[in-house]
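Chain and residue survey
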Number of protein chains: 2
Amino acid sequence: MAAQRGQRNGVGVTPPAPTAAEITTPIPRVTEVPAARERARAIPEAAVARLAVYLRVLSGMQEHGSGTVSSEELAAAAGVNSAKLRKDLSYIGSYGTRGVGYEVAVLIEEIERILGLTRKHSVAVVGIGNLGHALANYGGFPGRGFPVTALFDVDPDLVGVPVGGLPVGHIDDIARVCAEREVSIGVIATPPPAAQAVCDRLVSAGVQCILNFAPVVLQVPDHVEVRKVDLAVELQVLSFHVARRADNAAVLAEANGRAANGRAVDGMVVS
Amino acid sequence: MAAQRGQRNGVGVTPPAPTAAEITTPIPRVTEVPAARERARAIPEAAVARLAVYLRVLSGMQEHGSGTVSSEELAAAAGVNSAKLRKDLSYIGSYGTRGVGYEVAVLIEEIERILGLTRKHSVAVVGIGNLGHALANYGGFPGRGFPVTALFDVDPDLVGVPVGGLPVGHIDDIARVCAEREVSIGVIATPPPAAQAVCDRLVSAGVQCILNFAPVVLQVPDHVEVRKVDLAVELQVLSFHVARRADNAAVLAEANGRAANGRAVDGMVVS
DNA sequence: CTGACTTTGTGCACACGTTCACAAGCGGTA
DNA sequence: TACCGCTTGTGAACGTGTGCACAAAGTCAG
């Protein structure tokens, strides 16, 4: 991350003495050449996702007029514990003031920089069914720096029809249109059977990041990043918790009913 | 998990000699009462999500006519490595045959049982905007045992209008309707400001599992399970990867250009 | 029945992520 | 200036999840 910082914030932001932190982190990996890559990768995926959450909470605070926050406050608002929050923030640098807290504006700027939100990322949505419609009309995307600049479908009846103010293009034009409009993120909202083919087209059109809503495991080359949102899986995980809860209730009830004294359940299982 | 199995598969399926596996797992936890709970919880969240994926792949294989799969095949189709797959399956029991593989039908049955899919889970969707419409019309839910049985919105113009064959109810009726229709999963697709209030209503209506699409951190009591799907976060994580890639390319290019011999980049950073 | 071959199930080591606890550092106050 | 209280930043312990590698256990051929 030191390398990143060195690359881009040449002016402004008062670079705050990058001293001890740098030395301690990736040195143990001795005699390894791609140390520069290590550094950029040094921020855990889970932390990245949380940074996005912090960013939204901070935006809300800024609109509300807060100038500074403590890790405790911010953590509460984001639904995590404060130690984790501080560690997450430490991955991107030391922008807090001890005894005071963090300046909201500074944090927002830094998180946006790390997440690459200083530049806009054009989004293409492929598959204009129910979900595709919803995505095309969703205000949260352009509002956060992700303008939807292209829509595609196979259905000839849909091609040319404007959805969310943007005419639907035909799937065969993916390569050309994506190149023209510099699409950097492709969203797949097609039926499952079409997903892999669409994915291949996006990849060969140069799109390197894909958000996949189709319940399919996509095969992509190494340099392409895929994130999957699977509604059925989410529901099934919830279903598991319902079942677990029911089972626990049953087991506990049985245990209580059977013998009120000590570890009866344990004994039962072992025998 | 032994307790679970004991509870419900009394008939059929030829219970395959639960011997050594049982003994090795939770014994180290000495003299602890809630061992029964431990067992049900013993299956990691990450594994549960993957089980849902395996289930879908298996369903596809069954339709395709496959009778058995090896861990290698199934793992490839699900996009994980075979060791992880076997470990995941071992959490639910030993249903494979060494030297042969797993019987597709058996695995499907067992995974469905563990995920609690033997019983239907009614779903209520709150917030019939773009996304709510899409969810109400989404065929993947009822097809997988999650019938959408109630829709709600605040907008009086929407109340009574049928969406996806189901009339929209008013938010004030959540408690009554959810109880009537035995809703076990609530889906929140409202604008952010309304989400917490809707959540509170669902909880007080007895709903214990919530799938939240609103970009808000919900506050719920301990016994309620929340899963969050946040499209903005997904995009921002992708954006981070775009930025990281760009940075790496820049750093590596610089490193190569500056000095072809050894760790020039490291030196630069430390000094 | 034996032996060769295949694939599962899992002990073990490792890596990653989370949490704790505390020194370091800053602002305010006397 | 010296002290005090507060909050950050982070080493270190811990727990969880992942991947390897192999023994156990089955099938099949001869």
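Residues numbered from 1 in each chain as written. Chains lettered and ligands numbered in written order. Predicted model: local features only at pLDDT ≥ 70, side-chain atom pairs only at ≥ 80, totals over all residues. Heavy atoms only, no water.

A short note on the sheet that holds strand E2 (residues 96–97) of chain A
Backbone-to-backbone hydrogen bonds pair the strands of a sheet. The strands run either parallel or antiparallel. Residues and elements named next belong to chain A. One open sheet accounts for three strands, arranged E1-E3-E2; its pairing is antiparallel. Looking at the sheet topology across the chains shown, the edges are occupied by strand E1 (68–69) and E2. Pairing geometry for E1 and strand E3 (residues 101–103), over two bridges, is antiparallel. The residue of E3 that forms the bridge with Val69 is Tyr102. (Pairing = 2+ DSSP bridges. Helix = DSSP H or I, 4+ residues; strand = E, 2+ residues; numbered from the N terminus.)

Looking at the protein's contact with DNA strand D
Around DNA strand D, a shell composed of 26 residues is seen, among which Ser71 and Tyr102 of chain A together with Lys84, Lys87 and Arg98 of chain B lie nearest. When atoms of DNA strand D within 4 Å of the protein are split into backbone and base, the sugar-phosphate part holds 68%. Within the backbone of Gly99 of chain A, a nitrogen or oxygen atom sits 2.9 Å from a sugar or linking oxygen of DNA strand D. At 2.7 Å, a side-chain N or O of Lys87 of chain B approaches a base oxygen of DNA strand D. The biggest single contributor to the surface near DNA strand D is helix H6 (residues 82–92) of chain B, with four residues. Among the residues forming the surface near DNA strand D, the class breakdown is seven nonpolar, eleven polar and eight charged. (Near = heavy atom within 4 Å. Polar contact = N/O pair within 3.5 Å; in protein donor to acceptor, adjacent residues only side chain to side chain. Nonpolar A, V, L, I, M, F, W, Y, C, P; charged D, E, K, R; others polar.)

Observations concerning the environment of Pro221 of chain B
The residue Pro221 of chain B is located in the loop between strand E9 (209–212) and strand E10 (225–228) in this model. Residues Pro221 of chain B and Val203 of chain B lie 18 residues apart in sequence; the distance between their C-alpha atoms is 8.5 Å.

Structural notes on the side chain of Arg244 of chain B
With respect to the helices and strands, Arg244 of chain B occurs in helix H12 (residues 231–258). Of the side chains with opposite charge, Glu225 of chain A comes closest to the buried, unpaired Arg244 of chain B, at an N-O distance of 4.4 Å. At a separation of 3.2 Å, a polar atom in the side chain of Arg244 of chain B contacts the side chain of His241 of chain B. (Buried < 20%, exposed > 50% of the residue type's maximum accessible area, 1.4 Å probe, protein only. Lys, Arg positive; Asp, Glu negative; His and termini not counted. Salt bridge = Lys/Arg side-chain N within 4 Å of Asp/Glu carboxyl O.)

Examining the packing of aromatic side chains
Residues and elements named next belong to chain A. Using the criterion set out here, one finds two aromatic pairs over all chains in the structure. Plain terms: the ring middles of Tyr138 and Phe141 are 4.9 Å apart, the flat faces sit at 85 degrees to each other, and that makes the pair edge-to-face. Owing to a relative accessible area of 1%, Phe141 belongs among the buried residues under this scheme. (Phe/Tyr/Trp six-rings, centres within 6.5 Å; stacked < 30°, edge-to-face > 60°.)

Section: the pairing of strand E7 (residues 166–170) of chain A
Residues and elements named next belong to chain A. Two elements, strand E5 (residues 148–153) and E7, share three bridges in a ladder whose sense is parallel. Considered in E7, the bridge of Asp153 is made with His170. Direction of pairing for strand E6 (residues 162–163) relative to E7: antiparallel, over a ladder of two bridges. Bridge pairing links Val163 to Leu166 in E7. The hairpin turn running from E6 into E7, its antiparallel successor, is two residues long, and Gly164 in that turn takes a positive phi close to 60 degrees.

Some remarks on the nonpolar core
As a rule of thumb, nonpolar side chains are buried together in soluble globular proteins. In this structure, Leu58, Ile111 and Leu135 of chain A together with Leu58, Ile111 and Leu151 of chain B are the most contacted members of the largest nonpolar core, which totals 110 residues. Look past the residues within four positions of Ile111 of chain A in its chain and what remains in contact with it is Leu51, Tyr54, Leu55, Leu58, Leu89 and Ile92 of chain A. (Core = buried A, V, L, I, M, F, W, Y, C linked by side-chain atoms within 4.5 Å. Contact = heavy atoms within 4.5 Å.)

What to know about the UniProt feature "binding site: NAD(+)" (unreviewed entry) in chain A
Under the present numbering, the feature "binding site: NAD(+)" (unreviewed entry) in UniProt falls on Gly127, Ile128, Gly129, Asn130, Leu131 and Gly132 of chain A. Looking at the secondary structure, you find Gly127 of chain A in the loop between strand E4 (122–126) and helix H8 (130–137). Since its relative accessible area comes to 8%, Gly127 of chain A is described here as buried. Non-local contacts of Gly127 of chain A, meaning those with residues more than four positions away in its chain, are made with Gly132, Phe152, Asp153, Ala189 and Thr190 of chain A. Take Asn130 of chain A: it is sitting in helix H8. The contact partners of Asn130 of chain A, leaving out residues within four places of it in the chain, are Ala134 and Asn137 of chain B. (UniProt positions renumbered as here; feature names shortened; annotations may be inferred.)

Digging into the pattern of salt bridges
Pairs can form between side chains of opposite charge once their charged atoms are near each other. Scanning the entire structure with this criterion turns up 18 salt bridges over all chains. Salt-bridge contacts for Arg50 of chain B lead to Asp88 of chain B; the nearest nitrogen and oxygen are separated by 2.6 Å. Placement of Arg50 of chain B in helix H4 (residues 45–64) and of Asp88 of chain B in helix H6 is noted, with a sequence separation of 38 residues between them. When salt bridges with common partners are traced through the structure, they connect Glu45 and Arg227 of chain A together with Glu234 of chain B into a single cluster.

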